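One-letter residues, chain by chain:
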Protein chains: 2
Amino acid sequence: MKTTAVIMAGGRGERFWPKSRNNRPKQFLSLTSDGETMIQKTVKRLLPLVDMEDIYIVTNAAYTELVLDQLPDLPKENILAEPCARNTAPCIAFAAAVIKQKYDDAVMLVLPSDHLIGYEDIYINTLKKAIRAAEQGKNLVTIGITPTYPETGYGYINFGKECGDTYEVERFVEKPDLPTAKEYLASGKYLWNSGMFVWKVTSILADMKEFMPDIYDGAVRIGEAFNTPGFEDVLVKEFYAFRSESVDFGIMEKADNIYTIPGSFGWDDVGSWLAVERINETDDDKNYIEGDVISIGSERTTICGGKRLVAAVGLEDIIIVDTDDAVLVCSKNSTQDVKKVIAQLKEAKREELV
Amino acid sequence: MKTTAVIMAGGRGERFWPKSRNNRPKQFLSLTSDGETMIQKTVKRLLPLVDMEDIYIVTNAAYTELVLDQLPDLPKENILAEPCARNTAPCIAFAAAVIKQKYDDAVMLVLPSDHLIGYEDIYINTLKKAIRAAEQGKNLVTIGITPTYPETGYGYINFGKECGDTYEVERFVEKPDLPTAKEYLASGKYLWNSGMFVWKVTSILADMKEFMPDIYDGAVRIGEAFNTPGFEDVLVKEFYAFRSESVDFGIMEKADNIYTIPGSFGWDDVGSWLAVERINETDDDKNYIEGDVISIGSERTTICGGKRLVAAVGLEDIIIVDTDDAVLVCSKNSTQDVKKVIAQLKEAKREELV
């Protein structure tokens, strides 16, 4: 059976302000010193497994040009441009309906566009196992990440009995508090929910028909209109009519026969500026520095320079990000509060900076 | 007797980089929210005591235009432009010789251009006492500052017997270490050396003739050439021939009949970026913020914004100074290390940033 990949690239990535902006969210940024953007890396690491013509990017219509620029080898028709954001369930339904038109059935990998993978061979092998499991009739397969610490910012997957290369999923749970996360870790029965899914197109569409028939019906109409002159009108009409729904709430927490494969391939969701020192090499003082920077006696400090000189003197555990029109200076303890800057900018109607 | 003032404005002020640059040192910057530059404030606060036509600015020739711009009411001939920097003794000798040509004798206030005074009435009254003492024959009078803590960055004046409004100076001492500074403070017999002097032109010239005859002779030749066509040539020739000498080493540590008047007028030498929060009003979280800044949860932080947005998130005891071509982010413990940034820039031959 054909293997296809759907890369979800509609996110806004507010936590990477001021580099990420409404017109260039995180997946279109390079946060590593090699200069490749997140989405370029995501596509490149899939190529041992999926042909370029079978890779689909679902993104906001506003980012179509960015995708074309950054992925010039991708067929233009593989960019599935959402007229508006409706969370992951309509996004996946749209992609599944389009792939159904092309292949009738196929394995479909659903992957975020803005995560990093340290060990790509292990990643590919893990996906291969998931593909095989889906082909052999395991309804929905999700890649779980073996936790390394009690993270409270992720959802968890509680797994049960081993079943071939996979484990049966008992339930999906929301982001826990710290004591609960510690219990999860100690139990050995919980994995992080990475948002990576593997299933046959017919499997996910069958579950959508059962658990979210409204979205399913809209997606079918979109799929039928694909490659016809009326497509754009249908897409806009159906998408605006969709309610916002995540695939986790809408399907994964309701469906049966869900399986997980534990992955340990150096996964990083690159969730905030703190990630930059994790995913790049640091100097002897544990600084990560790029761009035109003079550092005097700074330690454990991340500096992403822009066009101007950044001088960092005697800093500890600080993040500096310089851009043409804004500079962020942030304590490492406060990276989640970067969102509050954006909130203030919106309130002040300074959209050019958001 | 006429009272004149000589304002020394030749300094470079490296500690205020990146706002201070070779082409715009500290005395020509505004570091207070009222927008007035240091030298403008220095001149303005003298006007109750000295006529504008009797105020002289000794500065590097490169800064003549800056002085003209910032002090449009100052007679152009009162800008004494040094062809090169030779420390304070040649600077004061030059000014004394010029004033001698004009008035034969006069009281001469010698004042830094880059300090701040909180209580200007008290300052003026203190200077009046010093002027009267000089007129009544006290040879050299220096304004000492009553210390408020054991500062190790200033020289001290050890004073003895009271003598009218003044005290006899026992000796000038160099910057002490902390235990010594504490002893000085506890003794009640030491004042900070503020670099403010009051004397008659004839007094200082007589002492220069005795203790630094080479500089005296050069200054006399400069004075004789003043307002003649050959002045510029004489000035350049004599100034390049001067050795570098401070008035503290060259005169104050050698001369007799030195007196001091203790001043308590909110003096601040504005010695580093730390001064900005002292000399301006801070907010409830003890931040001083100017310019286009969004601060989220920052405390005791000084931010001098430039043309771009500065976002400060969760910072404590940090100084941020933004300019068009460089941004400084500095721990409050490390403000003295700003000089090291300049040293690195010079080493890298990036003079445009120095």
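Bear in mind the structure is a predicted one, so any value in this text is a computation, not a measurement.

Draft legend 1. Focus on the overall build of chain A. A count of helices and strands for chain A gives 11 helices and 17 strands. Taking 2.2 N^0.38 as the reference for a compact globule, 354 residues should give roughly 20 Å; the C-alpha atoms of chain A span a radius of gyration of 21 Å, in line with that estimate. The principal-axis extent of the C-alpha atoms belonging to chain A is close to 60 × 50 × 40 Å. In chain A, which comprises 354 residues, the share counted as buried stands at 46%. For chain A, the share of sequence-separated contacts (at least 6 apart) that also reach a separation of at least 24 residues comes to 64%.

Draft legend 2. The interface of chain B and chain A, seen in detail. Between chain B and chain A, the contact holds 29 residues from the first and 29 residues from the second. Among the secondary structure elements, those contributing two or more residues to the side of chain B that touches chain A are β13 (293-296), β15 (309-313), β16 (318-322), β17 (326-331) and α11 (338-347) of chain B. The dominant element in the side of chain B that touches chain A, judged by the number of residues it contributes, is β17(B), at six residues. Alignment of strand β15 (residues 309-313) of chain A against β17(B), held across five bridges, turns out to be parallel.

Draft legend 3. Spatial organisation of the domain arrangement of chain A. All names here are of chain A. Under the domain assignment, chain A is made up of domain 1 (3-268) and domain 2 (275-353). Taking only C-alpha atoms into account, the centre of domain 1 sits 30 Å from that of domain 2. With 10 residues of domain 1 at the interface, the matching set in domain 2 holds 16 residues. A breakdown of the residues in the side of domain 1 that touches domain 2 according to their chemical character gives four nonpolar, two polar and four charged.

Draft legend 4. Seen up close, the relation of the copies chain B and chain A. In the superposition of chain B on chain A (RMSD 0.0 Å, axial shift 0.0 Å), the rotation amounts to 180°. In the structure described here, the two chain copies are related by an operation that fits a two-fold rotation axis. It is B:Val329 whose C-alpha, among those of chain B, lies nearest the rotation axis, at 4.0 Å. Taken together, the interface assignments show that 100% of the residues at the interface of chain B recur at the interface of chain A, consistent with an identical surface on both copies.

Draft legend 5. Up close: the sheet that holds strand β12 (residues 288-290) of chain B. The sheet built from six strands is open, its strands ordered β13(A)-β15(A)-β17(B)-β16(B)-β14(B)-β12(B) with mixed pairing. What marks the edges here is a single partner per strand, and that holds for β13 (293-296) of chain A together with β12 of chain B. Averaged over all neighbouring strand pairs, the angle between strand axes comes to 10°, with direction disregarded. As defined by bridge partners, β12(B) adjoins strand β14 (residues 302-304) of chain B across three bridges and the pair is classed as parallel. Counterpart to B:Glu290 in the pairing with β14(B) is B:Cys304. Most of the contacts of α11(B) go to β13(A), to which it runs at about 135°, and overall it touches β13 and β15 of chain A together with β17 of chain B.

Draft legend 6. Highlighting helix α4 (residues 120-135) of chain A. All names here are of chain A. Over its 16 residues, α4 extends 22 Å from the first C-alpha to the last, a length consistent with the 22 Å expected when each residue adds 1.5 Å. Three or more residues of α4 are buried, namely Tyr123, Thr126, Leu127, Ala130, Ile131, Ala133 and Ala134. Within α4, the buried residues cover an arc of 160° as seen down the axis, which keeps them to one side. Of the residues flanking the end of α4, it is Gly137, one or two places downstream, whose phi is positive at about 105°.

Draft legend 7. Focus on the pairing of β15(A). All names here are of chain A. Taken across its five residues, β15 has five buried, putting it largely inside the fold. The side-chain alternation of β15 yields two buried faces, one formed by Leu309, Ala311 and Val313 and the other by Val310 and Ala312. Summarising the sheet, β13 and β15 pair through four bridges and their orientation is parallel. Within the sheet, the bridge partner assigned to Val293 lies in β15 and is Val310.

Draft legend 8. Broad picture of the packing of helix α3 (residues 88-103) of chain B against helix α7 (residues 213-225) of chain B. All names here are of chain B. Relative orientation of the contacting elements α3 and α7 amounts to 40°, with a least axis distance of 8 Å. On the basis of their axis angle, the class for α3 and α7 is oblique. In this structure, α3 meets α7 at a crossing whose hand is right-handed. Contacts from Ala89, Pro90, Ala93, Phe94, Ala96, Ala97, Val98, Lys100 and Gln101 in α3 reach Ile215, Tyr216, Ala219, Val220, Ile222 and Gly223 in α7. For the contact of α3 with α7, the class distribution of residues is 12 nonpolar, two polar and one charged.

Draft legend 9. Looking closely at the environment of B:Ile318. Take B:Ile318: it is sitting in strand β16. Placed 274 residues apart in sequence, B:Ile318 and B:Lys44 show a C-alpha to C-alpha distance of 32 Å. Ignoring sequence-local partners within four residues, the contact set of B:Ile318 consists of A:Val329, B:Thr301, B:Val329, B:Ser331 and B:Lys332.

Draft legend 10. Highlighting the sheet that holds strand β14 (residues 302-304) of chain A. An order of β12(A)-β14(A)-β16(A)-β17(A)-β15(B)-β13(B) is seen for the six strands of this open sheet, with the pairing classed as mixed. The open sheet has two edge strands, β12 (288-290) of chain A together with β13 of chain B, and neither has a second partner. Adjacent strand axes in the sheet meet at a mean angle of 10° when their direction is disregarded. Two strands pair when backbone bridges link them, and β14(A) and strand β16 (residues 318-322) of chain A are joined in this way by three bridges, in the parallel orientation. In the strand pairing of β16(A), A:Thr302 is matched with A:Ile319.

Draft legend 11. Spatial organisation of the packing of helix α6 (residues 201-211) of chain B against α7(B). All names here are of chain B. The N-to-C vectors of α6 and α7 enclose an angle of 130°; their axes lie 6 Å apart at closest approach. Our classification of the angle between α6 and α7 gives oblique. On α7, the residues that touch Leu205, Met208 and Lys209 of α6 are Pro213, Ile215 and Tyr216. Partitioned by chemical class, the residues of the contact of α6 with α7 number five nonpolar, no polar and one charged.

Draft legend 12. Just helix α8 (residues 231-241) of chain B, in detail. Residue and element names in this part refer to chain B. Every buried residue of α8 is accounted for by Leu235, Glu238 and Phe239. Mapping the buried residues of α8 onto a view down its axis gives an arc of 100°, with all of them on the same face. Exposed and oriented more than 90 degrees from the buried face of α8 are Asp233 and Tyr240.

Draft legend 13. Structural view of unusual backbone geometry. Residue and element names in this part refer to chain A. Geometrically, the link from Trp17 to Pro18 is a cis peptide bond, its omega value of 5° lying close to zero. Tracing the chain through its elements places Pro18 in the loop between β1 (3-8) and α1 (38-46). Even without glycine at this site, Lys349 takes up a positive phi of about 55°. Note on placement: Lys349 falls in the segment after α11 (338-347).

Draft legend 14. Spotlight on the confidence of the model for chain A. On average, residues of chain A score 96 in pLDDT, and 100% of them are at 70 or above. In the predicted complex, the global pTM is 0.90; the interface-specific ipTM is 0.89.

Draft legend 15. Focus on the environment of A:Lys175. Residue and element names in this part refer to chain A. Structurally, the position occupied by Lys175 is in the loop between β8 (166-173) and α5 (178-187). Looking at Lys175, the number of C-beta atoms within 10 Å reads 13, which means it is partly exposed. Taking the C-alpha atoms as reference, Lys175 lies 5.8 Å from Gly153; in sequence the two are 22 residues apart. In contact with Lys175, not counting residues within four places along its chain, are Thr152, Gly153, Tyr154 and Gly155.

About the thresholds
- Residues numbered from 1 in each chain as written.
- Chains lettered and ligands numbered in written order.
- Predicted model: local features only at pLDDT ≥ 70, side-chain atom pairs only at ≥ 80, totals over all residues.
- Helix = DSSP H or I, 4+ residues; strand = E, 2+ residues; numbered from the N terminus.
- Rg over C-alpha atoms; globule rule 2.2 N^0.38 Å.
- Buried ≥ 20, exposed ≤ 12 C-beta atoms within 10 Å, placed from the backbone.
- Contact = placed C-beta atoms within 7 Å.
- Pairing = 2+ DSSP bridges.
- Domains from an automatic or database assignment.
- Nonpolar A, V, L, I, M, F, W, Y, C, P; charged D, E, K, R; others polar.
- Least-squares fit on C-alpha atoms with pLDDT ≥ 70 in both.
- Axes fitted to C-alpha atoms, helices over the stretch in contact; angles between N-to-C directions.
- Expected span 1.5 Å × (residues − 1).
- Arc of directions from axis to C-beta.
- Parallel < 35°, antiparallel > 145°, perpendicular 65-115°, else oblique.
- Left-handed = near helix turned anticlockwise from the far one by under 90°.
- pLDDT = per-residue confidence, 0-100.

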